[in-house]
Amino acid sequence: MPTLLISTWEDGVFVVDGGELRHELIGRPTRGLAAGDGRVLAILDEHSLCERTRDGAWQEIARSESPLSTCLITRGEVFVGTDDDAHLLRLSAGTLSRVDGFDRTPGRETWEPGGALIDGKWMGPPLGIRSMTAAPDGGVLLANVHVGGIPRSTDRGATWHPTIEIGADVHEVAFHPSRPEIVAAAAAIGLCVSRDGGATWRTETEGLDHSHCSAVAFVGDDILVSASDGPFAEQGAVYRRPVDGAGPLKPVSGGLPRWTDRRVDTANIGVRGPNAAIADGGGNVYLSEDAGVRWERVAHGIAAPSAVVFL
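Predicted model only: the values in this text are computed from it and were never measured. (Residues numbered from 1 in each chain as written. Predicted model: local features only at pLDDT ≥ 70, side-chain atom pairs only at ≥ 80, totals over all residues. Heavy atoms only, no water.)

## Considering the overall build of the protein chain
Point 1. Assigned secondary structure in the protein chain consists of 1 helix and 30 strands.
Point 2. Against the 2.2 N^0.38 benchmark of 19 Å for 311 residues, the protein chain shows a C-alpha radius of gyration of 18 Å, consistent with a compact globule.
Point 3. The buried share of the protein chain, reckoned over its 311 residues, is 56%.
Point 4. Pairs at least 24 residues apart make up 45% of the contacts formed inside the protein chain by residues separated by at least 6 positions.
Point 5. By element, 48% of the accessible surface of the protein chain is carried by carbon and sulfur atoms, the whole surface being about 13,000 Å². (Helix = DSSP H or I, 4+ residues; strand = E, 2+ residues; numbered from the N terminus. Rg over C-alpha atoms; globule rule 2.2 N^0.38 Å. Buried < 20%, exposed > 50% of the residue type's maximum accessible area, 1.4 Å probe, protein only. Contact = heavy atoms within 4.5 Å. Areas by Shrake-Rupley, 256 points an atom, 1.4 Å probe, with all protein chains shown as cover.)

## Some remarks on the sheet that holds strand 2 (residues 13-17)
Point 1. The strand order across the open sheet built from 4 strands is 3-2-1-30, with neighbouring strands paired in antiparallel fashion. Here the strands that pair on one side only, and so sit at the sheet edges, are strand 3 (20-24) and strand 30 (305-310). The mean angle between the axes of side-by-side strands here comes to 20 degrees, regardless of whether they run parallel or antiparallel.
Point 2. Bridging between strand 1 (residues 4-8) and strand 30 involves 5 bridges; their strand directions are antiparallel. In the strand pairing of strand 30, T8 is matched with P305. (Pairing = 2+ DSSP bridges. Axes fitted to C-alpha atoms, helices over the stretch in contact; angles between N-to-C directions.)

## Let's talk about the nonpolar core
Point 1. The biggest cluster of nonpolar side chains holds 17 residues, and the ones touching the most others in it are L191, V216, I223, V225 and Y239.
Point 2. Listed by contribution, the elements that provide at least two residues to this core are strand 18 (183-187), strand 19 (190-194), strand 21 (212-219), strand 22 (222-228) and strand 23 (235-242).
Point 3. Apart from the residues lying within four places of it in its own chain, the contact partners of Y239 are G207, L208, D209, I223, L224, V225, A227, L249, K250, P251, V252 and R258.
Point 4. By size, the runner-up hydrophobic cluster in this structure holds 15 residues, among which are L88, A134, L141 and W160. (Core = buried A, V, L, I, M, F, W, Y, C linked by side-chain atoms within 4.5 Å.)

## Remarks on the side chain of S153
Point 1. Mapped onto the elements of the fold, S153 is located in strand 16 (residues 152-153).
Point 2. In this structure the side chain of S153 is engaged in a polar contact, spanning 2.9 Å, whose partner is the backbone oxygen of T159.
Point 3. Discounting residues that sit within four places of it in the chain, S153 has contacts with G139, V140, L141, A158, T159 and W160. (Polar contact = N/O pair within 3.5 Å; in protein donor to acceptor, adjacent residues only side chain to side chain.)

## Here's the deal with the environment of G247
Point 1. By secondary structure assignment, the location of G247 is in the loop between strand 23 and strand 24 (250-251).
Point 2. A sequence separation of 41 residues divides G247 from E206, and the C-alpha atoms of the two residues are 7.5 Å apart.
Point 3. Among all residues touching G247, those that are not within four sequence positions of it are E206 and R241.

## A closer look at the pattern of salt bridges
Point 1. This structure, assessed with the given rule, holds 21 salt bridges.
Point 2. R31 is the salt-bridge partner of D83, the closest N and O atoms lying 2.9 Å from each other. Here R31 lies in strand 4 (residues 30-36) and D83 lies in the loop between strand 9 (77-82) and strand 10 (88-92), a separation of 52 residues in the sequence.
Point 3. The partner of E204 in a salt bridge is R202, with the nearest N and O atoms 2.4 Å apart.
Point 4. Within this structure, R179, E181, R195 and D244 form a network of salt bridges that share partners. (Salt bridge = Lys/Arg side-chain N within 4 Å of Asp/Glu carboxyl O.)

## Side note on unusual backbone geometry
Point 1. Cis rather than trans, the peptide bond between H146 and V147 has omega equal to 10 degrees.
Point 2. For A267, which is not glycine, the phi torsion reads 70 degrees and is therefore positive.
Point 3. Structurally, the position occupied by A267 is in the loop between strand 25 (260-261) and strand 26 (269-272).
Point 4. Residue A267 is classed as partly exposed on the basis of its relative accessible area, which comes to 22%.
Point 5. Although it is not a glycine, A291 adopts a positive phi angle of roughly 60 degrees.
Point 6. Among the secondary structure elements, A291 is positioned in the loop between strand 28 (285-288) and strand 29 (296-299).

So, in structure tokens, the structure goes:
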């Protein structure tokens, strides 16, 4: 089992390695974990982009005045999204620079923050880039704006075009790790699937107890997606369906609870090869070494997980 990192909104990063649990960056708000090209990145204290060394130390590699939200490592490039009106930044020589083409995405003026009116007060995240993904060959980039759909670029970020309806309220988007035509997105309207590299989408809800989906990933020949009755749900569930199959989504079993402690949020399903990890809002972390057939809880009480990745 490769080493697993779990970032948290307020208390750094937890490391599951060889059956042991370690704690790094204690007391530091951490999000946006990303692994790729032999690197591991994270966002600390909202404004600091940091890289993890092989011995577990973290060092700042760039800083932004805007609050940062998510990272993507692809073909030697690093892209970073912001929670400040949903801008896209590119890392170059230690500097984060605005990707102007993203700011010119058609329909951008219709994007708006997510959230809900609770007891007369608006609650929810600001307008930001919630997740990003790249095709395995690097030919297509997708950025999930909350709430602004999934802009798509086929020229490494120079130009962007809208795809899915903004009203789908997408929470995470992910490319299949080896098939560039297959993409999945977790949205408030259900599981959205594309078979043309994110250009067009179809929504699926059959088998879901609730349609509000938050996290999505591919493991083996299946899609994994989490769903709940809303962003503040007391419980949720994780479902699976074959990538190329038909029929309803089915709850994941084999040791994973039928109902998770609160929902499994954006970026809290991590996969590397046959290894998969799920962290729920209650701080329980489950691992599988056989493409999600059997699961074991390896940690609990990890407050407010923000992302999980395998090294």
